[in-house]
Amino acid sequence: MIATLMSANAQTNKTTAAQCPILTSDELLEQAEKFVNKEVYVKGVVTHVCHNSGKKVFIATNDENKSIQIFAGGNIDKFSTDLAGKQIRAKGSVAEHRISKATIDKQEAQMAAELEKENCMNVERCNSVMSNYKKMQEWMAKNKKDYYPLYFVKATSFEILK
């Protein structure tokens, strides 16, 4: 799942008394770059809870191909699988992971070789991964960057919204 994250839009965000912005998942997706290493509240509907560790949830955006990852930290030991389908508001800091152009190019070449040799067990999945590599490369070219950013939230607390 790839989320292309663009530069911040000129937009006023709702804030708490402590000036911690309250963002929807879509607002965070659009403006993540300006919130890196800053604390925010983000709210959205949980689409998936990591079943193995419970340390990660995904919240939906208006684009069904994109989501925001929220990692458990602070007061959160793990997320309950019962959260799937519920709206939450999580508080935490926005973080960025950069995938270098060299890494993307290398992985794309490896996947292309698998497809060429017909070693790909699931051709539909391999084609989807190849499409994601192309989207990342297009984003890097358009934005004149030598990396592709992935943004996520390191949560310290969360609440279920009604």
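Asker: Talk me through the pattern of salt bridges; I want residue IDs and the actual numbers.
Answerer: For the structure shown, the criterion picks out seven salt bridges. Between D77 and K55 there is a salt bridge; the shortest N-O distance is 3.9 Å. On the criterion of sequence distance, the pair formed by D77 in the loop between β5 (67-71) and β6 (87-100) and K55 in the loop between β3 (39-49) and β4 (56-60) is long-range, its members being 22 residues apart. Classification of K55 by relative accessible area gives partly exposed; the value is 37%. Across the pair K101 and D105 runs a salt bridge whose closest N-O atoms are separated by 2.7 Å. Here the residue K101 and the residue D105 both occupy positions in helix α2 (residues 101-117), the gap between them amounting to four residues, near one helical turn. Judged by relative accessible area, which is 27%, D105 ranks as partly exposed.

Asker: Residue-level account of unusual backbone geometry, with values.
Answerer: Of note in the backbone geometry, N37 takes a positive phi value of approximately 65° without being a glycine. Turning to its location among the elements, N37 is positioned in the loop between α1 (25-35) and β3. Residue classification places N37 among the exposed positions, given a relative accessible area of 67%. Although it is not a glycine, K144 adopts a positive phi angle of roughly 55°. Summarising the element assignment, K144 is placed in the loop between α3 (123-143) and β7 (147-160). Judged by its relative accessible area of 75%, K144 is exposed.

Asker: If you had to explain α1 to someone new, which residues and values would you point to?
Answerer: The element α1 is extensively covered by neighbouring structure, given that eight of its 11 residues are classed as buried. Residues of α1 that are buried: S25, D26, E27, L28, L29, Q31, A32 and F35. Among the structural elements, β2 (21-24), β3, β4, β5, β6 and β7 are those in contact with the buried residues of α1.

Asker: Describe the packing of aromatic side chains, and please don't skip the residues or the numbers.
Answerer: In total, this model carries three aromatic pairs according to the counting rule given. Ring geometry for W139 against Y148: centres 5.5 Å apart, planes inclined by 80°, an arrangement best described as edge-to-face. The buried category is assigned to W139, whose relative accessible area is 7%. Geometry around Y41 places R89 over its ring, the cationic atom sitting 5.9 Å from the centre.

Asker: Give a description of the side chain of T61 that names residues and reports values.
Answerer: The residue T61 is located in the loop between β4 and β5 in this model. At 2.9 Å, the side chain of T61 forms a polar contact with the backbone oxygen of D63. At 2.9 Å, the side chain of T61 forms a polar contact with the backbone oxygen of K66. T61 has contacts with S25, D26, L29, K66, S67 and I68, leaving out every residue within four places of it along the chain.

Asker: Requested: an account of α2, with residues and values cited.
Answerer: Look at α2: 24 Å from first C-alpha to last across 17 residues, which is about the 24 Å you get at 1.5 Å a residue. For α2, the complete set of buried residues consists of I104, E108 and M111. Mapping the buried residues of α2 onto a view down its axis gives an arc of 65°, with all of them on the same face. Relative to its buried face, α2 has exposed residues pointing more than 90 degrees away, namely A102, K106, E116 and K117.

Cut-offs and rules
Residues numbered from 1 in each chain as written. Predicted model: local features only at pLDDT ≥ 70, side-chain atom pairs only at ≥ 80, totals over all residues. Heavy atoms only, no water. Salt bridge = Lys/Arg side-chain N within 4 Å of Asp/Glu carboxyl O. Helix = DSSP H or I, 4+ residues; strand = E, 2+ residues; numbered from the N terminus. Buried < 20%, exposed > 50% of the residue type's maximum accessible area, 1.4 Å probe, protein only. Contact = heavy atoms within 4.5 Å. Phe/Tyr/Trp six-rings, centres within 6.5 Å; stacked < 30°, edge-to-face > 60°. Lys NZ or Arg CZ within 6 Å of the ring centre and 35° of its normal. Polar contact = N/O pair within 3.5 Å; in protein donor to acceptor, adjacent residues only side chain to side chain. Expected span 1.5 Å × (residues − 1). Arc of directions from axis to C-beta.

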